[in-house]
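# Summary of structural features
Here is what each chain is made of, one letter per residue.
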Amino acid sequence: MGRVLEVVDINTFYGRSHVLFDVNLSVEEGQTVCLMGRNGAGKTTTFRSIIGLNPPRNGDIRFKGISCRRLPPYKIARMGIGFVPEDRRILDRLTVRENLELGHIPGRKGEWDLEKIIDYFPILKDLQDRVGGTLSGGEQQILAIARALMGNPDLLLLDEPSEGLAPVIVAFLKDFVLKLKESKTTILLSEQNVRFASAVSDWVVVIDKGHVVFSGSIDEFQASEDVKKKYLAV
Ligand SMILES: Nc1ncnc2c1ncn2[C@@H]1O[C@H](COP(=O)(O)OP(=O)(O)O)[C@@H](O)[C@H]1O
Ligand SMILES: [Mg+2]
């Protein structure tokens, strides 16, 4: 198994405001890694650093062994990093099928296309002719993830997928992500929901005020009551 992503000692700023401090993390092929931390900890900024929207001032980001720290977002997307933002960005007036088609990235080939995705996730088959604006929050989140899959990413970034969803919907999203994992997709997600994160992740990195304060297997994380108490709202 290869290392898909390596984030090495990155420091990221918004103007003069220093937000990430020597952040390190890596993701192995086929793994699901979860970046956990409270509101404002630096989860979204880490993702924006990786995808080129807020490049770090120093340190390095290597994707499949190639440094992508200085590349523009569209090139990083074409290299195979898919990104599902916190606000999902589903188009209200387009159908589920049409929203999915927007996820296609020219030049990226792989096992996923519209028909395969709809076949693999029965929920999308049921929803395919609905327009985006009529979907529930949970359905929109699932559609946003599936749309990113249309670009056949080698790494999928999910920024707080369970945010704002009712517990019963989070359980439903969990089953969707577990099915996605069965397809061997490599995932880096961010979360505050410990139960959801624990159910889907292999490895956990905890960030607090822009510093990585814990990195360990899901079992080590589960056993670290002090980490959960100190850095997460548990
Ligand atoms: N566009 C921005 N300009 C300035 N500061 C920002 C901006 N976006 C986020 N921040 C700050 O960066 C820190 C990390 O934010 P963020 O990465 O969004 O955290 P998280 O996703 O973990 O909630 C916070 O202190 C936040 O206020
Ligand atoms: Mg965020």
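What counts, and where the lines are drawn
- Residues numbered from 1 in each chain as written.
- Chains lettered and ligands numbered in written order.
- Predicted model: local features only at pLDDT ≥ 70, side-chain atom pairs only at ≥ 80, totals over all residues.
- Heavy atoms only, no water.
- Donors = N, O, S within 2.8 Å, 3.2 Å for Na, K, Ca; no water.
- Helix = DSSP H or I, 4+ residues; strand = E, 2+ residues; numbered from the N terminus.
- Buried < 20%, exposed > 50% of the residue type's maximum accessible area, 1.4 Å probe, protein only.
- Phe/Tyr/Trp six-rings, centres within 6.5 Å; stacked < 30°, edge-to-face > 60°.
- Lys NZ or Arg CZ within 6 Å of the ring centre and 35° of its normal.
- Pairing = 2+ DSSP bridges.
- Axes fitted to C-alpha atoms, helices over the stretch in contact; angles between N-to-C directions.
- Contact = heavy atoms within 4.5 Å.
- Salt bridge = Lys/Arg side-chain N within 4 Å of Asp/Glu carboxyl O.

### Thoughts on the coordination of the magnesium ion (ligand 2)
Those protein atoms acting as donors to the magnesium ion (ligand 2) are T44 (OG1) and E86 (OE), and they sit at 2.0 to 2.7 Å. Taken together, the positions of T44 in helix α1 (residues 43–50) and E86 in the loop between β6 (81–84) and α3 (96–101) put the pair 42 residues apart, joining distant regions of the chain. The class for T44 is partly exposed, based on a relative accessible area of 23%. Taking the relative accessible area as the measure of exposure, E86 reaches 28% and is therefore partly exposed.

### Structural notes on the packing of aromatic side chains
Applying the stated criterion across every chain yields a total of 6 aromatic pairs. Aromatic side chains W112 and Y120 sit 5.3 Å apart centroid to centroid with 70 degrees between the ring planes, which places their arrangement in the edge-to-face category. Residue W112 is classed as buried on the basis of its relative accessible area of 9%. Judged by relative accessible area, Y120 falls into the partly exposed class, the value being 21%. What links up through ring pairs into an aromatic cluster is the set W112, Y120, F121 and F176. Between the NZ or CZ atom of R57 and the centre of the ring of F13, over which it lies, the distance is 3.6 Å. Positioned over the ring face of Y120 is K179, at 4.1 Å from the centre of the ring.

### Focus on the sheet that holds strand β8 (residues 187–191)
Through backbone hydrogen bonds, the strands of a sheet pair up, either in parallel or in antiparallel fashion. Pairing in this open sheet of 6 strands is mixed, and the strands run β6-β7-β8-β3-β9-β10 from one edge to the other. Single-partner strands in this sheet number two, and they are β6 and β10 (211–217). Taken pair by pair, the neighbouring strands of this sheet meet at an average axis angle of 15 degrees, ignoring direction. Here strand β3 (residues 32–36) runs beside β8; their pairing, made up of 5 bridges, is parallel. Its bridge partner being in β8, T32 is matched across the sheet by I187. In this fold α1 packs onto β3, β6, β7 (155–159), β8 and β9 (203–208), with an angle of close to 150 degrees to the strand it touches most, β8.

### Re the pattern of salt bridges
For the structure on display, the rule yields 14 salt bridges. For K125, the salt bridge goes to D119, with nearest N and O atoms at 3.1 Å. R130 is the salt-bridge partner of E139, the closest N and O atoms lying 3.7 Å from each other. Residue E139 is classed as buried on the basis of its relative accessible area, which comes to 17%. Beyond isolated ion pairs, a larger network of salt bridges with shared partners links R3, E6, E28, D60 and R62.

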